[in-house]
2 protein chains.
Amino acid sequence: MTVSGTISELHTRLTATRARKTAGTIGFVPTMGALHAGHGALIARARAECDHVVVSIFVNPLQFDRSTDFDRYPQTLETDLAMCRSHGVDLVFAPASAEMYRTLPTTRIDVGRLGNHLCGRHRSGHFDGVGLVVLKLFNLVQPHVAYFGEKDAQQLAIIRRIVTDLSVPVRIVGVSTVRDPDGLALSSRNQHLSPAERALATALYEALEAARRAIGEGTTDVAAIVSDALRQVPQVADLRVEYLEVVDPVELQPVDVVSDTVLVAGALWVGTTRLIDNVLCEPAGDTP
Amino acid sequence: MTVSGTISELHTRLTATRARKTAGTIGFVPTMGALHAGHGALIARARAECDHVVVSIFVNPLQFDRSTDFDRYPQTLETDLAMCRSHGVDLVFAPASAEMYRTLPTTRIDVGRLGNHLCGRHRSGHFDGVGLVVLKLFNLVQPHVAYFGEKDAQQLAIIRRIVTDLSVPVRIVGVSTVRDPDGLALSSRNQHLSPAERALATALYEALEAARRAIGEGTTDVAAIVSDALRQVPQVADLRVEYLEVVDPVELQPVDVVSDTVLVAGALWVGTTRLIDNVLCEPAGDTP
């Protein structure tokens, strides 16, 4: 496994890879490090489907709306590299910020209405920063396929849209959210939780599951679905729901009445840690 | 020469090109058609430097701020194709708008401060549309080198910046403006000019040349340079200067005092036709 911190070394390696007779396909997993089994599932999928697997580890300053979140974002490079090695990754690209942004970009990728709700409404500029760094990484790595977790559903929908709008020559694959046995979606930010907070953190998944049950049982009124789901969140000082919304899964626009597949997504503050999760819900009678 | 109107045919052709043992480099000249000798210079440069030359002909609706300008933009496909053939172009990509934008993009490329002055101040959204279509064409064609005219200086600077900011794997080459013997910069819009308007149209170049002379002779006060230059434009009803500005050539920000190379750029309305032009000026004493 090669670990590269510079763009020029990345290019040297990738040029050598592409020049091989058996070059084949390049699969790419962009990450911010602090890898967990959710990333493991992305890498395993890339490994199974592609000839060459590239993982990037880059905590992109442009996508953080709060500097405190950026400052305390977990950095665990050595264990990340060990995990990449154990998953058979060929190349890890782990640039410093000054290498990625030699000059501060003036270009901004405005993701339009897909960024108006859910996390986009609460994290100003977040998805613009995601769009920019993902496009930049795609241009640097030039993969055939790129893998993203469905946990970040809005990010995935936005990246799919940017790829379509700009005809980016990469296939986007979404991979199912990996959860702890009690339902908590894996997240690098889970390591910030105290044991007491960790016990409370499942409330988000429970709220989403309540929404899924209600929709599956035939409830179509979104206001009723949401207020019912929110009852799953204990009224304690350490928990604050930032949002819980029901949107269509492609345009990410709010839905008032469920008549087709919807995305139910939420963000929950647990102490000073912000967690997100989502479930895709089929209305009653959709499956035979 | 292959002419392709669909993305899938473009990809089939380009895949075949890349698969050849002697694939070599792809040079790309994006145009809106209505080709003239200025485009000819771009294509000739691509032909001289690259193994394979691709020209796109696409009048991008997203970059027009006035629908009247879009509606009357000259469309001369047959003569364009003849010119491409005579220049040894390998592949012309001439998609319909519905082929390029199967769904209307929600993504917007905001070019930041480089779009705040010159044409950007007067043509709302123009460079966002240029940025989007150029990125999309780069992704579709995946050229090694792309050629742009220096006549559209702001466009060229913005494309260079987007390419840097997003690490787009293409080398951008600017090619000198081609002029009629009396100095008028070639432009597809020149064909809108009546003989009387054509005679007046040289005023823009004369104003820019006056600025260049003043700067070369040691004038550094931009207000004086501009007011002197504007005296070259006859005070007649058919002529209206939209702007004449002095900016630094990289960030395109206004300069008050000339101390380094500057870009002097202007837009002149001649009747109902809008023309642009620019010159790069060295201050006195810069050349030994």
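The rules behind the values
Residues numbered from 1 in each chain as written. Chains lettered and ligands numbered in written order. Predicted model: local features only at pLDDT ≥ 70, side-chain atom pairs only at ≥ 80, totals over all residues. Helix = DSSP H or I, 4+ residues; strand = E, 2+ residues; numbered from the N terminus. Rg over C-alpha atoms; globule rule 2.2 N^0.38 Å. Buried ≥ 20, exposed ≤ 12 C-beta atoms within 10 Å, placed from the backbone. Contact = placed C-beta atoms within 7 Å. Least-squares fit on C-alpha atoms with pLDDT ≥ 70 in both. Expected span 1.5 Å × (residues − 1). Pairing = 2+ DSSP bridges. Axes fitted to C-alpha atoms, helices over the stretch in contact; angles between N-to-C directions. Domains from an automatic or database assignment. Nonpolar A, V, L, I, M, F, W, Y, C, P; charged D, E, K, R; others polar.

Novice: Please explain the overall build of chain A as it appears in this structure.
Specialist: For chain A, the helix and strand inventory stands at eleven helices and ten strands. Radius of gyration (C-alpha) of chain A: 19 Å, near the 19 Å computed for a compact globule of 288 residues. Each of the 288 residues in chain A was classed as buried or not, and the buried ones make up 40%. Looking at chain A alone, contacts between residues at least 24 apart form 70% of all its contacts between residues at least 6 apart.

Novice: How should I be thinking about unusual backbone geometry in this particular structure?
Specialist: For residues besides glycine, phi is generally negative; the peptide bonds are generally trans as well. Of note, the phi angle at Ala34 of chain A is positive, near 50 degrees, even though the residue is not glycine. By secondary structure assignment, the location of Ala34 of chain A is in the loop between β2 (26-31) and α2 (37-49). Judged by the 20 C-beta atoms lying within 10 Å of it, Ala34 of chain A is buried. For Ser167 of chain B, which is not glycine, the phi torsion reads 50 degrees and is therefore positive. Inspection of the secondary structure puts Ser167 of chain B in the loop between α8 (153-165) and β7 (171-175). For Ser167 of chain B, a count of 15 C-beta atoms within 10 Å translates into the label partly exposed.

Novice: I tried to follow the relation of the copies chain A and chain B on my own but got confused; where do I start?
Specialist: Between the two copies of this chain, the relationship is a rotation about some axis together with a displacement along it. Of the transformation placing chain A onto chain B, the axial shift is 0.0 Å and the rotation is 180 degrees, giving an RMSD of 0.0 Å. Accordingly, the operation relating the two chain copies is best matched by a two-fold axis. Residue Ile109 of chain A of chain A places its C-alpha closer to the rotation axis than any other residue of that unit, at 2.5 Å. Comparing interface residues between copies, 100% of those in chain A also lie at the interface in chain B; the contact surface is shared.

Novice: Sorry, what's going on with helix α7 (residues 126-141) of chain A here?
Specialist: Three- or four-residue spacings in an α-helix give side chains the same orientation, since the helix completes a turn every 3.6 residues. All names here are of chain A. Its 16 residues place the ends of α7 22 Å apart at the C-alpha level, agreeing with the 22 Å of an ideal helix rising 1.5 Å per residue. With 14 of its 16 residues buried, α7 lies for the most part within the structure. Immediately beyond the C-terminal end of α7, within one or two residues, lies Gln142, with a positive phi of roughly 50 degrees.

Novice: Which parts of the structure should I look at to understand the sheet that holds strand β9 (residues 262-270) of chain B?
Specialist: Through backbone hydrogen bonds, the strands of a sheet pair up, either in parallel or in antiparallel fashion. Residue and element names in this part refer to chain B. The strand order across the open sheet built from three strands is β8-β9-β10, with neighbouring strands paired in antiparallel fashion. A strand with exactly one partner marks an edge of an open sheet, and here the two such strands are β8 (239-247) and β10 (273-281). The sheet shows a mean angle of 15 degrees between the axes of neighbouring strands, direction not considered. Pairing between β9 and β10: nine bridges, direction antiparallel. Looking across to β10, one finds that Val264 is bridged to Val279.

Novice: Whenever I open this one, the domain arrangement of chain A confuses me. Can you help?
Specialist: Many descriptions give the size of an interface as the accessible area lost when the pieces come together. Residue and element names in this part refer to chain A. Domain boundaries in chain A define domain 1 (2-175) and domain 2 (188-280). Here the C-alpha centre of domain 2 lies 26 Å away from the C-alpha centre of domain 1. Across the boundary between the two partners, domain 1 contributes 14 residues, which contact 18 residues of domain 2. Sorting the residues of the side of domain 1 that touches domain 2 by element identifies α6 (119-122) and α8 (153-165) as the ones contributing at least two each.

Novice: For this particular structure, what's the right way to read the interface of chain A and chain B?
Specialist: Residue-level contacts link 22 residues of chain A with 22 residues of chain B. Sorting the residues of the side of chain A that touches chain B by element identifies β5 (108-110), α7 and α8 of chain A as the ones contributing at least two each. If you tally residues by element for the side of chain A that touches chain B, the top one is α7 of chain A, at four residues. Grouping the constituent residues of the side of chain A that touches chain B by class yields ten nonpolar, six polar and six charged. In this sheet, strand β5 (residues 108-110) of chain B lies alongside β5 of chain A in antiparallel orientation, the contact comprising three bridges. When the sheet's bridge partners are listed, Asp110 of chain A is paired in β5 of chain B with Arg108 of chain B.

Novice: Just to check I follow, could you spell out the environment of Arg47 of chain A for this structure?
Specialist: Mapped onto the secondary structure, Arg47 of chain A falls in helix α2. With 121 residues separating them in the primary sequence, Arg47 of chain A and Val168 of chain A have C-alpha atoms 22 Å apart.

Novice: How should the sheet that holds strand β10 (residues 273-281) of chain A be read in this particular structure?
Specialist: All names here are of chain A. Spatially, three strands are ordered β8-β9-β10 in an open sheet, and the strand pairing comes out antiparallel. If you trace the sheet from one side to the other, it starts and ends with β8 (239-247) and β10, each paired once. Each neighbouring strand pair of the sheet contributes to a mean axis angle of 15 degrees, computed without reference to strand direction.

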